[in-house]
Amino acid sequence: MCGQKKIIIVGAGLAGLCTAYYLIKKGFSVEVVDKNTSVALGASYANGGLLTPSMSEPWNSPGILFQLLKYLGDSGAPMLLKPRYLHNYIRWGMKFLANSNKNQFSHSTIQNMKLSMYSMSKLHELRGNLGLEYESKREGTLKIFRQKKSFEQAIKHSSMLTEKGLKLEILSPKEVEKVEPILNEVSSTLCGGIFYPEDEIGNAKLFCEQLSVHIIRLGGKIRLDTNVQKIIVNSGTVNGVLTDKGTIDCSQIVVAGGAWTSELLKNIGVSLSIKPVKGYSLSVPMNNQITLPTKAILDDDLHAAITPLGSSIRLAGTAEFSGWNDNIDSKRIDNLWNFFRTITPSLYEQSRVESAEQWCGFRPMSADGLPYIGRTFIEGVFVNSGHGPLGWSQAAGSAHLISQVVAGCPTSIEIDSFAVR
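Here's what I pulled together on the structure shown here. (Residues numbered from 1 in each chain as written. Predicted model: local features only at pLDDT ≥ 70, side-chain atom pairs only at ≥ 80, totals over all residues. Heavy atoms only, no water.)

**Description of the sheet that holds strand S1 (residues 6-10)**
If you trace the six strands from one edge of the open sheet to the other, you get S9-S2-S1-S13-S20-S19, paired in mixed fashion. The open sheet has two free edges, formed respectively by strand S9 (221-223) and strand S19 (372-375), since each of these has just one partner strand. Geometrically, the sheet is characterised by an average inter-axis angle of 20° between neighbouring strands, direction not taken into account. Bridge analysis of S1 against strand S13 (residues 252-255) gives four bridges, and the strand direction is parallel. (Pairing = 2+ DSSP bridges. Helix = DSSP H or I, 4+ residues; strand = E, 2+ residues; numbered from the N terminus. Axes fitted to C-alpha atoms, helices over the stretch in contact; angles between N-to-C directions.)

In structure tokens:
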């Protein structure tokens, strides 16, 4: 029966393509529609390359209001609210702050970690079954700390995660250097570190490109350079989508359009608390014969990461609340270069700075730090979006779960916390 149903997936990034694959495997006739000219040109293009159940904390942690006010207008801040864009975030921001209490923060962290861990298991299945190669490494990630107070708080917070199954090792500065020798230049400035052995890294764009080949091989369609302008609903049921290239009929639709998801759904009366939060990255080619880090390194103070992907280094970080402004702020890019020099001066000296690619993209950030995975009140309309900085970590798992919801099957893990309500 599933094979008789045509379903449209809006979005050809991580969430959309993984969703398409699982629905094809369940017998659906699938067509992916994306406004870009290639897959993975949105937030999946040059993210931090991190697959990290360890980073499941939502950004609206207790005390976030003080941090935002402290960094207001400061281009060097890890989390920046630009005053002239404040009006874009007022209603969403009130929910964001309301969800920053201790109980909600703990709940969101645990639910995110469960989803991320489930997602990693599904990703391993995908990689093994399809033979995907996307510059992945399963060497863990290392978070370093320069401030004693932050290190102690992180250790205290870790107990909540280890009780739920997360593995980690608390390290002294000397132990940090042993885990990642490239940090020998800066280990004397550190208070310590936390090593997460089950975290991974990988190139999300390469993953999407390879997965799209299998989707087409299995009979799925990917329609690019096609902007979905409106979802067509009659008598409370979806009938198709209106695009800039014409109308596409369908009986079901999964909106996995990243930060644009809420913009598309609000026209049919579905309200989601998702806003764009801009992130930056630098992809820096390295000279031949250079020894790269063996794993991703995350700096707690600077809220940035350095990730080895193939023969390049990916520098990523910062959060910027600036609406849909897609201009690259040179000061934010300078922050990443400074981070690179601070973490490993010798590696920076050996990098091909002149060939670096600058990038910014919009993370789909929900107000409570949890993604939306499930059905809406409109028959045939489903959502898989709002993963914020955890889109790569949660992509495969979220897609598998929404495919179960669409097919009317019980879900493999409980998803009430991600319901669209």
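**Re the packing of aromatic side chains**
Taken as a whole and judged by the stated rule, the model has 17 aromatic pairs. Relative to Tyr22, the ring of Tyr21 lies with its centre 5.6 Å away and its plane at 70°, an arrangement referred to as edge-to-face. Between Trp92 and Phe321 the ring centres are 6.1 Å apart and the planes differ by 45°, which places this aromatic pair in the tilted class. Residue Trp92 is located in helix H3 (residues 90-98), and its partner Phe321 is located in strand S17 (residues 312-321); the two are separated by 229 residues in the primary sequence. Its relative accessible area of 6% is what places Trp92 among the buried residues. In this structure an aromatic cluster arises from ring pairing among Tyr89, Trp92, Phe96 and Phe321. The lysine or arginine in question, Lys35, covers the ring of Trp260, its NZ or CZ lying 3.7 Å from the ring centre. The ring of Tyr348 is capped by Arg341, whose NZ or CZ atom sits 5.1 Å from the centre of that ring. (Phe/Tyr/Trp six-rings, centres within 6.5 Å; stacked < 30°, edge-to-face > 60°. Buried < 20%, exposed > 50% of the residue type's maximum accessible area, 1.4 Å probe, protein only. Lys NZ or Arg CZ within 6 Å of the ring centre and 35° of its normal.)

**Description of the pattern of salt bridges**
On inspection of all chains with the given rule, the structure shows 15 salt bridges. With a shortest N-O distance of 3.2 Å, Lys82 and Asp329 are connected by a salt bridge. Placement of Lys82 in the loop between strand S4 (79-81) and H3 and of Asp329 in the loop between S17 and helix H9 (330-343) is noted, with a sequence separation of 247 residues between them. For Lys82, a relative accessible area of 15% corresponds to the buried category. The exposure class assigned to Asp329 is buried, which follows from its relative accessible area of 15%. Lys167 is the partner of Glu198 in a salt bridge, and the nearest nitrogen-oxygen pair spans 3.4 Å. Of this pair, Glu198 sits in the loop between strand S7 (192-196) and strand S8 (200-201) while Lys167 sits in the loop between helix H5 (148-162) and strand S6 (169-171), and the two are 31 residues apart along the sequence. Through salt bridges with shared partners, one network takes in Lys82, Lys278, Glu320, Asp329 and Arg332. (Salt bridge = Lys/Arg side-chain N within 4 Å of Asp/Glu carboxyl O.)

**Structural notes on the nonpolar core**
Membership of the largest hydrophobic core comes to 45 residues, with the highest contact counts inside it found for Leu17, Val30 and Phe207. With residues up to four places along the chain from it excluded, the contact list for Leu17 reads Gly11, Ala12, Val32, Val39, Cys208, Leu211, Ile215 and Ile222. Leu292, Ile297, Ile313 and Leu336 belong to the second largest nonpolar core, which has 28 residues in total. (Core = buried A, V, L, I, M, F, W, Y, C linked by side-chain atoms within 4.5 Å. Contact = heavy atoms within 4.5 Å.)

**As for helix H11 (residues 391-406)**
Where H11 bends most, at Gly397, the angle is about 30°. Burial analysis of H11 places 15 of its 16 residues in the buried class, the great majority of the element. Just downstream of H11 lies Gly408, where phi reads positive at about 75°. (Bend = angle between axes of the 7 residues up to and from the residue.)

**Describing the side chain of Ser54**
Counting through the fold element by element, Ser54 comes out in the loop between strand S3 (50-51) and helix H2 (64-70). Polar contacts involving the side chain of Ser54 include one to the side chain of Asp199, which spans 2.5 Å. Setting aside chain neighbours within four positions, we find Ser54 in contact with Thr141, Leu161, Leu166, Tyr196 and Asp199. (Polar contact = N/O pair within 3.5 Å; in protein donor to acceptor, adjacent residues only side chain to side chain.)

**So, the sheet that holds strand S11 (residues 237-243)**
With antiparallel pairing, three strands are arranged side by side in an open sheet as S10-S11-S12. The open sheet has two edge strands with one neighbour each: strand S10 (228-234) and strand S12 (246-249). For this sheet, the mean angle separating the axes of adjacent strands, direction not counted, is 30°.

**Digging into a nonpolar patch on the surface**
Together, Leu65, Leu69 and Leu97 make up a nonpolar patch on the protein surface, roughly 260 Å² of accessible area in all. You can see Leu97 is positioned in helix H3. Since its relative accessible area comes to 31%, Leu97 is described here as partly exposed. (Patch = residues over 30% accessible without salt bridge, like charges linked within 9 Å, V, L, I, M, F, W, Y side chains within 5 Å. Areas by Shrake-Rupley, 256 points an atom, 1.4 Å probe, with all protein chains shown as cover.)

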